[in-house]
Amino acid sequence: MKTFYLRELAHARSGDKGDINNIGVVAYEPHYYPLICQWLTTDRVKAHFGSLVKGGVTRYELPKVHALNFVLEGALGGGVTRSLSIDPHGKSYSALILTIPIEVPPDLAQELMQRGRQPIDEA
Amino acid sequence: MFLRELINQVRKNVNVGPTQRCKQWMLALRDSIICKGNKTHTDRILRIGAGASYAGDRVGPATELAKHAKLDYLVYETLAERTIALAQLQRLKQPEGGYNELLEDRFLEALPHCRKQGTRIVTNMGAANPLGAAKKTAEIIRELKLGPMKVAAVLGDDVLEYCLANRNALKLMENGLPLASLEGKIVSANAYLGADVMVDALAKGADIVITGRVGDCSLFLAPMIHEFGWRMDDWDLLGKGQTGADMVECGANVSGGFFADPGYKDVPDLGNLGYPYLEVSADGTIVVTKVAGTGGLINRATCTEQMLYEIHDPAYYITPDVIVDFTDVSLDEVGPDRVRIQGGRGKPRPEQLKVSVGILEGWVGEAMITYAGLGCVERAKLAEKIVRERLQIEGVHLQELRVDYLGLNALHRESSLPCKDAPYEVCLRFAGRSREKRDAVKLANEVETLVGKGPASSSIPTKSIREVLAIYSVLVPRHIIKHEVILSEVS
């Protein structure tokens, strides 16, 4: 089993509301979507974000557009307007979620590599 | 047959007054006359452009839209959560100000084209002073000799007095505590008004509608309701309208802005990024597109990213006009840079309106210094240790202190991927929040004096002190809002 960064399978955008950040994760191809759903559990996302996310993580599924929406509470340093971060909105969080490693089955790994996408250990 | 359909269409609209119904008759009649061949009024396409998505947005792209997109409406959305509170502070210093600082630049460029093409404008550039913005707009119309035109200022979003009077009863959405529990000076409270107030202004014949705080999407929904006579309780139709509005309320974010990732998501000609516009049909089917020949990209990927932007539960996206359900939306690429949006739905609008409360809470001091060359990270770490010691020696009181190593972990802290090699340079940044201004100043000064009194070989530090204008949210009952449309005819 080869491991790829989520970046090879999906793209993402994050946005803010108060102290809450949300990240939309969109599969590049519809047939990547089931694997992404299987791997991107709320526990994995919460663990990956570590101390950046003080509250809970909720996941919403949008199969019609093969996307997931994650809502991260207590994620913006007390709120956009009070945060001391240079990224108070967490607009860069979309880049962080794409660094989550995903174990990819051989046939899909083959397809990704044919598209020029490299697994983590060989990157 | 057609006439019967027309009669039914207008009769269905039971919740509008006689004046508006009369207006709708005339519009419907006008549409039936201008429709050619066997097309009916329902074939009409309403074109709504997104000319701005924040206060400082670029001016030129909206002008391009006004020139080339044959728009019925041009919308400028310019209010982030904090913008009105900042504008309110500005207005305290300068009573005639407090509206969008680029209003004059935007209108000087775009208004002549809008006037020529019959494009009406809807905007929240009024910020903390819609009347002042309308007055300035009237001056511009006279200066450019574009009259006669009607300019409307929409008032009613300012609920500061109500919030101050009810500060013990109103609960903060952030933590459930009363508004009165906040320490600091409340400077503004503005409710997110819905499309209805702008529909009112359009029905009064305004060519330009200028508001303060309204729902971002509502700016786009108002023209749809006005032109197609959509009922204000046809939740599915309003849901479809808001789905389209959500797609363009962040302007170029749907047309290739904030999207490019070279080798993964390439965007052509990003420098010449075109802003988007909607083509809306009476049944709520919407195409999002942009002017041919401009840079950027509109496809399923850009639309999906934007649809989820700043959304929590996609089945329950709350706007003042309708609660939108995006879960059944499908996006189809129907041409180059053309995506058709179908399947948005709606649930009844909320009974309460969200209010953003601006409060002055204290100060932030911030300073940065950069080290380069071999051992740069070690020198930066030594500098951090020195500043922390000196803050103690000086007795500086900070509510929170944050230290970042830009180049290593400033954005994602310990979740950052590790660097394989030591960086060649690193920027050390301190940011601290304090109740009193003097503590924020002292923090910044202790970083500044690292040159000469800290480790070797750094850049000259930069520093800044700013007042914290925090935003909290409360909910107020809809019935306390008494909106007002002030219409002026400019000759």
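The text that follows walks through the structure, step by step, so that each part is easy to find. (Residues numbered from 1 in each chain as written. Chains lettered and ligands numbered in written order. Predicted model: local features only at pLDDT ≥ 70, side-chain atom pairs only at ≥ 80, totals over all residues.)

A few points about the overall build of chain B
Phase 1: Across its full length, chain B holds 14 helices and 18 strands.
Phase 2: Overall, the C-alpha framework of chain B stretches about 85 × 55 × 45 Å when taken along its three principal axes.
Phase 3: For chain B, the share of sequence-separated contacts (at least 6 apart) that also reach a separation of at least 24 residues comes to 75%. (Helix = DSSP H or I, 4+ residues; strand = E, 2+ residues; numbered from the N terminus. Contact = placed C-beta atoms within 7 Å.)

Regarding the sheet that holds strand 9 (residues 317-318) of chain B
Residues and elements named next belong to chain B.
Phase 1: Reading across the sheet, the three strands line up as 9-10-13 and stay open at both edges, with antiparallel pairing between neighbours. Strands with a single pairing partner mark the edges of an open sheet, and in this sheet they are strand 9 and strand 13 (345-347).
Phase 2: For strand 10 (residues 323-325) and strand 13, the ladder comprises three bridges, and the chain directions are antiparallel. Across the sheet, the residue bridging to V324 is G346, located in strand 13.
Phase 3: Contacts between helix 10 (residues 235-248) and the sheet are confined to strand 10 and strand 13, with strand 13 contributing the most and set at about 120 degrees to the helix. (Pairing = 2+ DSSP bridges. Axes fitted to C-alpha atoms, helices over the stretch in contact; angles between N-to-C directions.)

Let's talk about the interface of chain B and chain A
Phase 1: Listed by partner, the interface residues are 40 residues for chain B and 34 residues for chain A.
Phase 2: With five residues, strand 17 (residues 462-477) of chain B is the largest single contributor of residues to the side of chain B that touches chain A.
Phase 3: The residue inventory of the side of chain B that touches chain A, partitioned by class, reads 18 nonpolar, seven polar and 15 charged. (Nonpolar A, V, L, I, M, F, W, Y, C, P; charged D, E, K, R; others polar.)

Points about the environment of T99 of chain A
Phase 1: On the secondary structure map, T99 of chain A appears in the loop between helix 3 (93-97) and strand 6 (101-104).
Phase 2: Considered as a pair, T99 of chain A and G50 of chain A are 49 residues apart in the sequence and their alpha carbons are 13 Å apart.
Phase 3: Leaving out residues up to four positions away in the same chain, T99 of chain A has contacts with Y5 of chain A together with L417 of chain B.

Here's the deal with the packing of helix 12 (residues 376-394) of chain B against helix 13 (residues 437-448) of chain B
Residue and element names in this part refer to chain B.
Phase 1: It is the contact of helix 12 with helix 13, at a shortest axis distance of 10 Å, that shows an interaxial angle of 135 degrees. By the criterion of interaxial angle, the relationship of helix 12 to helix 13 is oblique. Between helix 12 and helix 13 lies a crossing of right-handed hand. Residues V387, R390, L391 and E394 of helix 12 form the contact with helix 13, whose participating residues are K442, L443, E446 and V447.
Phase 2: Across the contact of helix 12 with helix 13, the residue classes break down as four nonpolar, no polar and four charged. (Parallel < 35°, antiparallel > 145°, perpendicular 65-115°, else oblique. Left-handed = near helix turned anticlockwise from the far one by under 90°.)

A look at the pairing of strand 2 (residues 10-17) of chain A
Residue and element names in this part refer to chain A.
Phase 1: Burial of strand 2 is extensive: seven of the eight residues sit out of reach of the surface.
Phase 2: Bridge count for strand 2 against strand 3 (residues 20-27) is eight bridges, and the pairing is antiparallel. Looking at strand 3, one finds that K17 is bridged to I20.
Phase 3: With antiparallel pairing between neighbouring strands as the criterion, strand 2 and strand 3 make up a hairpin whose turn holds two residues, including G18 at a positive phi of roughly 60 degrees. (Buried ≥ 20, exposed ≤ 12 C-beta atoms within 10 Å, placed from the backbone.)

Quick word on the nonpolar core
Phase 1: Counting 143 residues, the largest nonpolar core has A10 and V25 of chain A together with L74, M198, V209, I210 and V288 of chain B as the members making the most contacts within it.
Phase 2: If you tally residues by element for this core, the top one is helix 9 (residues 218-228) of chain B, at seven residues.
Phase 3: Shared between two domains, this core takes at least three residues from each, and those domains are domain 1 (44-157 + 192-350) and domain 2 (357-473) of chain B.
Phase 4: In this structure V25 of chain A touches A10, A12, I36, L40, A67, L68, F70 and I97 of chain A, once residues within four positions along its chain are discounted.
Phase 5: Listed in part, the 23 residues of the second largest apolar core include L84 of chain A together with W363, V364 and A383 of chain B. (Core = buried A, V, L, I, M, F, W, Y, C linked by C-beta atoms within 7 Å. Domains from an automatic or database assignment.)

What to know about the packing of helix 3 (residues 60-68) of chain B against helix 5 (residues 103-117) of chain B
Residues and elements named next belong to chain B.
Phase 1: Where helix 3 meets helix 5, the closest approach of the two axes is 8 Å, and the angle between their N-to-C directions is 5 degrees. Viewed along their axes, helix 3 and helix 5 adopt a mutual orientation that is roughly parallel. Contacts between helix 3 and helix 5 involve A62, T63, A66 and K67 on the former and, on the latter, R106, E109, A110, H113 and C114.
Phase 2: Of the residues that constitute the contact of helix 3 with helix 5, the class distribution is four nonpolar, two polar and three charged.

Digging into the sheet that holds strand 5 (residues 67-72) of chain A
Phase 1: Strand order across the open sheet formed by four strands is 2-3-5-4 (chain A), with antiparallel pairing between neighbours. This sheet does not close on itself; its edge strands, each paired only once, are strand 2 and strand 4 (57-62) of chain A. With strand direction ignored, the average angle separating the axes of adjacent strands in the sheet is 20 degrees.
Phase 2: In terms of strand pairing, strand 4 of chain A meets strand 5 of chain A through six bridges, oriented antiparallel. Bridge pairing in strand 5 of chain A places R59 of chain A opposite F70 of chain A.
Phase 3: Sheet strands in contact with helix 11 (residues 300-308) of chain B are strand 2, strand 3 and strand 5 of chain A, and its direction is about 155 degrees off that of strand 3 of chain A.

Observations regarding helix 13 of chain B
All names here are of chain B.
Phase 1: End to end, helix 13 covers 17 Å across 12 residues, agreeing with the expected 16 Å (1.5 Å per residue, within 8%).
Phase 2: Every buried residue of helix 13 is accounted for by D439, A440, K442, L443, A444, E446 and V447.
Phase 3: Contacts made by the buried residues of helix 13 are with strand 14 (352-372), helix 12, strand 16 (425-434), helix 14 (450-453) and strand 17. (Expected span 1.5 Å × (residues − 1).)

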